[in-house]
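# Tertiary structure, described
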Amino acid sequence: MDVPCPPVVDVVMTAYNSARTIERSIASLQRQSLRNIRIIVVDDASTDDTAVIVARLAAGDPRIELVRQPVNRRIVGAANEGLSLCRAPYVARQDSDDLSLPERLATEVAYLDANPDCVAVSAYARQVDETGRFLGTLSRPAPPAEADPRWFPSREPYLMHPFLLARREALEAVGGYRHVFYAEDTDLYWRLREIGRLHTIPAIMGDYTIHAGSITGRSPLNGRVSAVNSQLSALSSLRREQGRPDLSFPAERLAEYEAAETVEEMLVVAGSQLAGEERDYLRLAVAAKLVEVAAYRPYFLAPADCSFVRRTITRNWRRLHRGNASVLRNELVSLGTKLLYNRRFRDLVTLLPASLLGSAVGRVASYTLRHRLARLGAASA
């Protein structure tokens, strides 16, 4: 196979123990209608056959380049290693378990070519399980222009990270990824929006895999770390906006978070470099983020988290303006519905005040009734 040169897009894929999914993921990039691309796969010290599979694919396609890291450096270290090798004007990201449709890169490049004010773009995606089965839902982030670091939780300038395409010069200008563990993509977007516009193309460009083995979906602990760091990245953005010293995100901070047994202890670690009003913001924003994330992630909040959320939100409800309060109330009911449907009654009454319990019960009853009527209709057809 001839290598179109020079490549227009360098695709960075980080991989750790991805032997089950990586061949399909790379194949979706090989099928791109935009042919002059390079696929940089950074194997983050996998212990399975990930590197063997990629090496075999690279032998048959010179566009694929395998980089093997001798020690595991996690996503930030692996992604920055890949970025350091990029030379094309555009850099794309793709996770090793996600799939791009054939026109994805061509469509994204065309948008950036036509919009010089835009520094990064992504798109919608179908949500699929580990077997590739469509789950019936789409990932459609809110427009990045609606970002607001003062909401609870912060309204992030989010782009679907596995389908990101950015100008290489913009990524270099903001310094690539920082050690904002499990929220490194959100932190990158806050910084990118300071030098240019972000945009989500309102079209499906790939399949996004939802599974319990993902980093943020793996456990309540990782969910807590993600919630804390995502809200710290908003405070970090506010500091830069106000001309104040930025927050630091040292790599060793993750070990301190993982040693914390509760979200309260984690907030003590996170608050070490914050002023009083920032600590107050972080506490309520993290409580709200835990609710938002736990409503759709494949895990449940620990009982102590449920107690923390209820106590924090109840004490600070007056701080929320009407629109923010309405959104948070709906998310609380959604999480309560999930708990009720899974018969986690103790967590439910710990999390929700009596005023919201009825709404959760009503949602479950409505869903159950619709489901039974659908089954009856199918049986009589």
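Please refer to the structure higher up on the page.
The structure reproduced in this document is the subject of the present report. (Residues numbered from 1 in each chain as written. Predicted model: local features only at pLDDT ≥ 70, side-chain atom pairs only at ≥ 80, totals over all residues. Heavy atoms only, no water.)

## A closer look at helix H9 (residues 263–270)
Those residues of H9 that fall on the buried side of the exposure criterion are Val 263, Met 266, Leu 267, Val 269 and Ala 270. Viewed end-on, H9 has its buried residues packed into an arc of 155 degrees, placing them on one side of the element. (Buried < 20%, exposed > 50% of the residue type's maximum accessible area, 1.4 Å probe, protein only. Helix = DSSP H or I, 4+ residues; strand = E, 2+ residues; numbered from the N terminus. Arc of directions from axis to C-beta.)

## Comments concerning the nonpolar core
Leu 232, Val 286, Val 309 and Leu 332 are the most contacted members of the largest nonpolar core, which totals 55 residues. By residue number, the principal contributor to this core is helix H10 (residues 276–294), which donates 11 residues. Contacts of Val 309, omitting those with residues within four sequence positions, involve Ala 287, Leu 290, Val 291, Leu 301, Leu 332 and Leu 351. (Core = buried A, V, L, I, M, F, W, Y, C linked by side-chain atoms within 4.5 Å. Contact = heavy atoms within 4.5 Å.)

## Describing the packing of aromatic side chains
Scanning all chains against the criterion turns up two aromatic pairs. Both rings, one in Phe 152 and one in Tyr 281, keep their centres 5.0 Å apart while their planes meet at 40 degrees; by these two values the pair is tilted. Here Tyr 281 lies in helix H10 and Phe 152 lies in the loop between strand S7 (134–139) and strand S8 (165–167), a separation of 129 residues in the sequence. Both residues of the pair, Phe 152 and Tyr 281, count as buried. Measuring from centroid to centroid gives 5.5 Å for Tyr 158 and Tyr 189, while their planes differ by 75 degrees, and the two rings are edge-to-face. Here the residue Tyr 158 occupies a position in the loop between S7 and S8, and Tyr 189 occupies one in helix H6 (residues 184–192), the gap between them amounting to 31 residues. Take Tyr 189: its relative accessible area is 0%, and that puts it in the buried class. The lysine or arginine in question, Lys 338, covers the ring of Phe 300, its NZ or CZ lying 5.0 Å from the ring centre. Sitting above the plane of the Phe 300 ring, Arg 344 keeps its charged end 4.2 Å from the centroid. (Phe/Tyr/Trp six-rings, centres within 6.5 Å; stacked < 30°, edge-to-face > 60°. Lys NZ or Arg CZ within 6 Å of the ring centre and 35° of its normal.)

Interpretation note: all reported values are geometric properties and have no functional meaning in isolation.
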